[in-house]
Amino acid sequence: LTVALVGCGGGGTATPQGSGDEEAAPADSGKVYIVGTEPTFPPFEYVDENTGEIVGFDIDLIKAIAERAGIQVEIKSMGFDGLIPALQSGNIDIVIAGMTVNEERAAVVDFGPSYWEAYLQIAVTADNEDIKSVEDLKDKTVGVQIGTTGAFKAEELKAQGLVKEVKTYNTVDVIFMELIQGNIDAVINDLPVTEAYMARNPGKIKLTGEPFEGEEYGYAVAKGNKELLEKLNAGLEQVRADGTFDELVLKYFGGE
Ligand code: ARG
């Protein structure tokens with residue numbers, strides 16, 4: 001354990017400053033870091049139907065990182081649009097949620113290095129014949145998850161007159177139910193996640209058009225929490241170096 005050095009040498013007058021507790025306290029002992037996520041985003045984070053537990057690539061990843069970093073973590077489910085505010089207010093310590101690194105977010109929280117590359121793409125029902133590209137959304141209603149890059153894209157298209165209506169949902173599972181039931185015409189969502197919903201609803205959903213420009217996922221901590229971010233980043237490096245990362249890719253993406 002750390003030993004606090006009381007009174008620095010150097011022959012000068014050592015003025016006592018504070019108690020020295022900051023240095024003497026064993027860092028982090030017993031602290032449990034709260035990891036916020038929004039678990040309708042398979043295979044990155046979803047609720048295991050049998051156990052009710054939150055599982056997925058991101059969850060295994062952050063647990064492996066935490067283990068290497070020597071910290072304890074606990075997973076907490078919340079609304080996607082509540083994740084960044086929760087980091088800012090200190091209600092949670094870490095976000096991992098298939099969250100795309102972008103300028104707006106990076107201005108208010110600190111991201112680790114990118115760990116995944118994804119794309120937004122349009123999805124429609126399998127029998128849809130009239131939406132073949134983004135140009136076909138002009139008179140259509142598009143469903144998106146609140147606060148996501150898919151929502152930003154849809155709003156941007158709407159502002160350009162390229163989408164008629166944007167319907168915003170709290171969770172992704174409901175968006176695909178709405179699509180299948182015919183309550184919306186299309187969905188703009190992250191490609192790997194839409195593929196997971198396609199697999200869950202065989203023959204019901206298909207991708208259409210071209211993927212939009214690439215996005216990168218990163219985990220985040222509160223702005224300025226350098227100490228925690230450095231621990232996590234070192235953990236990620238180890239998880240990559242020792243093959244754990246590739247094992248998780250194989251487990252959740254079948255070796256993609
Ligand atoms: N990548 C997108 C974004 O950052 C969607 C993330 C949604 N994640 C989730 N766990 N529901 O906006």
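Caption draft 1: Seen up close, the overall build of the chain. On a plain count of helices and strands, the chain comes out with 9 helices and 14 strands. When burial is assessed residue by residue, the chain has 44% of its 256 residues classed as buried. Here the contacts in the chain between residues at least 6 apart in sequence split such that 72% fall between residues at least 24 apart. A total of about 13,000 Å² of accessible surface is found on the chain, and carbon and sulfur atoms cover 50% of it.

Caption draft 2: Seen up close, the packing of helix H2 (residues 57-69) against helix H8 (residues 226-241). Across the interface, H2 lies against H8 with an axial gap of 8 Å and an inter-helix angle of 105°. Judged on the interaxial angle alone, H8 and H2 are roughly perpendicular. Side by side, H2 and H8 meet where Leu61, Ile62, Ala64, Ile65, Arg68 and Ala69 of the first sit next to Lys231, Leu232, Gly235, Leu236, Gln238 and Val239 of the second. Among the residues forming the contact of H2 with H8, the class breakdown is 8 nonpolar, 2 polar and 2 charged.

Caption draft 3: Local environment of the site of the ligand. The local shell around the ligand holds 14 residues, among which Glu38, Ala97, Arg105, Thr149 and Asp190 are the closest. Within the side chain of Glu45, an N or O atom sits 3.2 Å from a nitrogen atom of the ligand. Burial of the ligand by the surrounding chains reaches 100%, relative to a free accessible area of 350 Å². Broken down by class, the residue content of the shell around the ligand amounts to 5 nonpolar, 5 polar and 4 charged.

Caption draft 4: Summary view of the sheet that holds strand E2 (residues 40-41). Reading across the sheet, the 3 strands line up as E2-E3-E4 and stay open at both edges, with antiparallel pairing between neighbours. Of all strands in the sheet, those with a lone pairing partner are E2 and strand E4 (54-55), marking the two edges.

Caption draft 5: Just the sheet that holds strand E1 (residues 32-37), in detail. Across the sheet, which stays open at both edges, the 5 strands sit in the order E5-E1-E6-E14-E7 with mixed pairing between neighbours. Two strands close off the open sheet at either side, each with one partner strand: strand E5 (72-77) and strand E7 (109-111). By the bridge criterion, 6 bridges tie E1 to E5 in an arrangement that is parallel. For Thr37, the partnering residue across the bridge sits in E5 and is Ser77. In the packing of H2 onto the sheet, the strands contacted are E1, E5 and strand E6 (94-95), and the crossing angle to E5 comes to about 155°.

Caption draft 6: Representation of the packing of H2 against helix H9 (residues 244-253) in the model. Two elements in contact, H2 and H9, have axes whose closest approach is 10 Å; the angle formed by their N-to-C orientations is 160°. In terms of axis orientation, H2 runs roughly antiparallel to H9. The element H2 and its partner H9 pack so that their crossing is right-handed. Contacts between H2 and H9 involve Phe57, Asp60, Leu61, Ala64 and Arg68 on the former and, on the latter, Thr244, Phe245, Leu248, Val249, Lys251, Tyr252 and Phe253.

Caption draft 7: Spatial organisation of the packing of aromatic side chains. Going through the model one piece at a time under the given rule, you end up with 13 aromatic pairs. Considering the side-chain rings of Phe41 and Phe44, the 6.0 Å spacing of their centres and the 35° angle between planes classify their relative orientation as tilted. Take Phe41: its relative accessible area is 6%, and that puts it in the buried class. Over the ring of Tyr33 we find Lys31, and its NZ or CZ is 4.8 Å from the ring centre. Directly above the ring of Tyr197 sits Arg200, whose terminal nitrogen or CZ lies 5.4 Å from the centroid.

Caption draft 8: Here's a closer look at the confidence of the model for the chain. Overall, the prediction assigns the chain a mean pLDDT of 91, with 88% of residues at 70 or greater. Low confidence marks residues 1-26, where pLDDT is under 50. Its contacts with residues over four positions away, or in another chain, come to 7 contacts.

Caption draft 9: Looking closely at the environment of Glu210. By secondary structure assignment, the location of Glu210 is in the loop between strand E12 (205-208) and strand E13 (214-217). For Glu210, a relative accessible area of 66% puts it in the exposed group. Taking C-alpha positions, Glu210 is 9.7 Å from Tyr119, a pair spaced 91 residues apart along the chain.

Caption draft 10: Fine view of helix H6 (residues 172-180). Of the residues making up H6, those classed as buried are Val172, Ile175, Phe176, Glu178 and Leu179. Seen end-on, H6 carries its buried residues on one side only, within an arc spanning 155°. The positive-phi residue at the C-terminal boundary of H6 is Gly182, with phi of around 85°.

About the criteria used
- Residues numbered from 1 in each chain as written.
- Predicted model: local features only at pLDDT ≥ 70, side-chain atom pairs only at ≥ 80, totals over all residues.
- Heavy atoms only, no water.
- Helix = DSSP H or I, 4+ residues; strand = E, 2+ residues; numbered from the N terminus.
- Buried < 20%, exposed > 50% of the residue type's maximum accessible area, 1.4 Å probe, protein only.
- Contact = heavy atoms within 4.5 Å.
- Areas by Shrake-Rupley, 256 points an atom, 1.4 Å probe, with all protein chains shown as cover.
- Axes fitted to C-alpha atoms, helices over the stretch in contact; angles between N-to-C directions.
- Parallel < 35°, antiparallel > 145°, perpendicular 65-115°, else oblique.
- Nonpolar A, V, L, I, M, F, W, Y, C, P; charged D, E, K, R; others polar.
- Near = heavy atom within 4 Å.
- Polar contact = N/O pair within 3.5 Å; in protein donor to acceptor, adjacent residues only side chain to side chain.
- Pairing = 2+ DSSP bridges.
- Left-handed = near helix turned anticlockwise from the far one by under 90°.
- Phe/Tyr/Trp six-rings, centres within 6.5 Å; stacked < 30°, edge-to-face > 60°.
- Lys NZ or Arg CZ within 6 Å of the ring centre and 35° of its normal.
- pLDDT = per-residue confidence, 0-100.
- Arc of directions from axis to C-beta.

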